Amino acid sequence: MTTTLDLLDKLIAFDTVSKNSNLELAAFVEDYLEQRGFAVHRITDPSGDKTGLYAEKGPDGDGVLLSAHTDVVPVEGQSWTKDPFRLTREGNRVYGRGTTDMKGYVASVLSLADRAEASKLREPLKIVLSYDEEVGCVGIQQMLERLAPMLGQPRACFVGEPTEMQVAIGHKGKAALRAICHGQNGHSALAPNIVNALHLATDFVSELRSLQKAFETNGNTDPAYSVPYTTLHVGMLSGGKALNIVPDRAELTFEYRHLAADRGKDILDQIQAAAERVSASYRPRFAEARVEVEQYNAYPGLDVAETEAVIAYAQKLAQSNATTKVAFGTEAGFFSELGIPTIVCGPGSMEGQGHKPDEYLELAQLTACDAMMDRILEDLSL
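Scoring rules and cut-offs
- Residues numbered from 1 in each chain as written.
- Predicted model: local features only at pLDDT ≥ 70, side-chain atom pairs only at ≥ 80, totals over all residues.
- Heavy atoms only, no water.
- Helix = DSSP H or I, 4+ residues; strand = E, 2+ residues; numbered from the N terminus.
- Buried < 20%, exposed > 50% of the residue type's maximum accessible area, 1.4 Å probe, protein only.
- Contact = heavy atoms within 4.5 Å.
- Areas by Shrake-Rupley, 256 points an atom, 1.4 Å probe, with all protein chains shown as cover.
- Pairing = 2+ DSSP bridges.
- Axes fitted to C-alpha atoms, helices over the stretch in contact; angles between N-to-C directions.
- Core = buried A, V, L, I, M, F, W, Y, C linked by side-chain atoms within 4.5 Å.
- Salt bridge = Lys/Arg side-chain N within 4 Å of Asp/Glu carboxyl O.

A. Broad picture of the overall build of the protein. What the protein contains, in helices and strands, is 9 helices and 18 strands. In the protein, buried positions account for 54% of the 382 residues. Sequence-distant contacts in the protein: of pairs separated by 6 or more residues, those separated by 24 or more amount to 80%. Within the structure as shown, the protein displays about 16,600 Å² of accessible surface, and the carbon and sulfur contribution to it stands at 49%.

B. Representation of the sheet that holds strand S5 (residues 93–95). Strand order in this open sheet of 3 strands is S4-S5-S18, and the pairing throughout is antiparallel. Either end of the sheet is taken by a strand with one partner, and the two such strands are strand S4 (88–90) and strand S18 (360–362). The average angle at which neighbouring strand axes cross in this sheet is 25 degrees, direction not considered. Bridge count for S4 against S5 is 3 bridges, and the pairing is antiparallel. Looking across to S5, one finds that arginine 89 is bridged to valine 94. Packed on one face of the sheet, helix H3 (residues 99–116) meets S5 and S18 and runs near 55 degrees to S18. Relative to the sheet, helix H9 (residues 363–380) contacts S4, S5 and S18, its axis offset from that of S18 by approximately 65 degrees.

C. The sheet that holds strand S11 (residues 231–239), seen in detail. The strand order S11-S13-S9-S14 describes an open sheet built from 4 strands, whose pairing is antiparallel. Since the sheet does not close on itself, it has two edges, and those belong to S11 and strand S14 (290–299), each with one partner. Recorded for the sheet is a direction-independent mean angle of 20 degrees between the axes of neighbouring strands. One ladder, built from 9 bridges, connects strand S9 (residues 173–182) with S14; its direction is antiparallel. Pairing of arginine 178 across the sheet is with glutamate 294, part of S14. Those strands touched by helix H5 (residues 197–218) are S9, S11, strand S13 (249–258) and S14, and its axis lies near 170 degrees from that of S11. The sheet strands contacting helix H6 (residues 264–282) are S9, S11, S13 and S14, and the helix crosses S14 at an angle near 160 degrees.

D. Main features of the nonpolar core. Among the nonpolar cores identified, the biggest contains 80 residues, and Leu33, Leu66, Phe158 and Phe335 are the most heavily contacted of them. No other element matches the 9 residues that H3 contributes to this core. Not counting residues up to four positions away in its chain, the partners in contact with phenylalanine 158 are Val64, Leu65, Leu66, Ser67, Tyr105, Tyr313, Ala314, Leu317, Ile343, Met372 and Ile376. Membership of the second largest hydrophobic core comes to 28 residues, among which are Ala197, Phe254, Ala275 and Val291.

E. Geometry of the pattern of salt bridges. Considering all chains together, one arrives at 24 salt bridges under this definition. In this structure, the salt-bridge partner of lysine 325 is aspartate 222, at a minimum N-O distance of 2.6 Å. One end of the pair, lysine 325, is in strand S16 (residues 323–325); the other, aspartate 222, is in the loop between H5 and S11, with 103 residues separating them in the sequence. By the burial criterion, lysine 325 is buried, and aspartate 222 matches it. Between arginine 283 and glutamate 276 there is a salt bridge whose closest N-O contact spans 2.8 Å. Judged by its relative accessible area of 31%, arginine 283 falls in the partly exposed class.

F. The arrangement of the side chain of glutamate 30 in detail. Considering the arrangement of structural elements, one finds glutamate 30 in helix H2 (residues 23–34). With near-sequence residues (within four places) excluded, glutamate 30 lies in contact with Val40, Arg42 and Leu53.

Here is the structure:
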């Protein structure tokens, strides 16, 4: 535990909020792993300001993959009573931004790497650290082209998002979209004669709400989720420049989070059809009226069949007999799509501590994670 806590103390001190560079943290981890015999590869983002890492130690083979992200969410606007970038221990908790999401897991992985230095591995230990996960799993998507050939086909992947050390076998997929609504400019005194872009936008929102209702009442369900159906959510709506001007443009940003049983392409087709219905209703008055929908980001869900061997393997290592599904998204779906058996399991509670002021991690959770790492090392060793 001392080694893991020391490592967590160092990791928390790096301010890797997604808007910032993670290069200093990456350099620390790279040097740390190389000193312990790992081959480490940088996978730098197009700007050069951030990098992911892939590290491997041991003979050629399938092995086990441990995956985490290095970025954290912002602290601005939150009421912290402690320095968010300094590890603070009080009783059986340690406080700091990222303790739960997810530098506690990263510290445990690095502690395992330290113990692996003295072990003779019969299979490789593989580690992936990404960037920009908190802004829509952007980093792993940029890394995949170079990363996939290096990974091979590990027999198991553990994504260490906080699950209170339960074995999570599913989460919803997500897509982020924007809609640009085009109407006419004009003086508000003549508003009834002019196509208002905000009217297109609000009509489109009504269409999205109807689609949401259809998923809720008649769609597929999965009782493992607290919200057991596919959801649509409008997060932002803007338009107009002055009260006395009819706006010719409005923009809304929205998302859908979907069950595995609801294909993203089918949902997008329904959204596009809704946009066309709204557009068509205004074209008799203004031929250029339209709602343009663009999907600008997406990540896959995770849905591990109850019969897959990786579940029993993970339960044995985590000492947990149950499985769960989580409400939040992770990078696990990307590894699963590569054909790698993948589960989510890590210390801390996203609901209880993640993204909140005075974020903390129970030391018992970190101890349990270290114990799982010991079992992984034992399984990989001669």
